[in-house]
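# Understanding the architecture of this molecule
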Amino acid sequence: MAATTHWLTRAYPAGAGALQRGLAEAQARQAVTVAAWLRYPTDLDAELVALTGPGGSGRLDWISGADAPSEDQHEREYGWRSWVDEVVASWAACLLTTPSLAAAAVAALAGTDHADAVPVAFRRLTEPAAGDRDAAALLRHPDLLAPIADLHRPGLLDCLGADTALAG
């Protein structure tokens, strides 16, 4: 989840200032957490993805034009990218850009192992204040995130048992 959050905040950075970066990161982290808990609803699912690895950011970098590492850059500098989960990033993008979908996703967490273990409110994701929206203007921009969100939106809708009316 940390790598996927980091990828989102680097690909769609906040405005200047530590507060804006912190607010944008909090929103990205909440969206990624909800998406990951939906994608991997049991402890066993989470352990399996930790064992096998989530796949990396290669396609996401290409689609978004993010700062992918060049061949000669050191692995230690960009090794975190191998832990980016493309599906979770896509689902998080859907949640960040579609408030009704974010609310439905948070409601759907009630049945997961993760939600039972850790009581968490996702207010910055589901009910962002004006300051939250301003800090994450790029991160919540539907047109900018559409190429990422569209990659796996049908899977999220299927997971939520939602129709396309909820998605947009």
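Residues numbered from 1 in each chain as written. Predicted model: local features only at pLDDT ≥ 70, side-chain atom pairs only at ≥ 80, totals over all residues. Heavy atoms only, no water.

### Quick word on the packing of helix H7 (residues 99–108) against helix H11 (residues 142–160)
Look at H7 against H11: their axes get within 10 Å of each other, and the N-to-C directions meet at 50 degrees. Relative to H11, the element H7 is oriented oblique. You can see that H7 and H11 cross each other, and the crossing is left-handed. Contact residues: H7 offers Leu101, Ala104, Ala105 and Ala108, while H11 offers Arg153, Leu156, Leu157 and Leu160. (Axes fitted to C-alpha atoms, helices over the stretch in contact; angles between N-to-C directions. Helix = DSSP H or I, 4+ residues; strand = E, 2+ residues; numbered from the N terminus. Parallel < 35°, antiparallel > 145°, perpendicular 65-115°, else oblique. Left-handed = near helix turned anticlockwise from the far one by under 90°. Contact = heavy atoms within 4.5 Å.)

### Considerations on a negative patch on the surface
Taken together, the side chains of Asp43, Glu47, Asp113 and Asp116 define an acidic patch exposed on the protein surface. Tracing the backbone shows glutamate 47 in helix H3 (residues 43–52). (Patch = residues over 30% accessible without salt bridge, like charges linked within 9 Å, V, L, I, M, F, W, Y side chains within 5 Å. Areas by Shrake-Rupley, 256 points an atom, 1.4 Å probe, with all protein chains shown as cover. Salt bridge = Lys/Arg side-chain N within 4 Å of Asp/Glu carboxyl O. Lys, Arg positive; Asp, Glu negative; His and termini not counted. Charge placed at Lys NZ, Arg CZ, Asp CG, Glu CD.)

### Overview of the side chain of arginine 140
Mapped onto the elements, arginine 140 comes out in the loop between helix H10 (130–135) and H11. For the buried residue arginine 140, which engages in no salt bridge, the nearest side chain bearing the opposite charge is aspartate 132, 6.9 Å off. Within polar-contact distance, the side chain of arginine 140 engages the backbone oxygen of arginine 124 at 2.9 Å. A polar contact is formed between the side chain of arginine 140 and the backbone oxygen of leucine 125, at a distance of 3.2 Å. Ignoring any residue separated from it by four or fewer positions in sequence, one finds arginine 140 in contact with Gln27, Leu96, Thr97, Arg124, Leu125, Pro128 and Arg133. (Buried < 20%, exposed > 50% of the residue type's maximum accessible area, 1.4 Å probe, protein only. Polar contact = N/O pair within 3.5 Å; in protein donor to acceptor, adjacent residues only side chain to side chain.)

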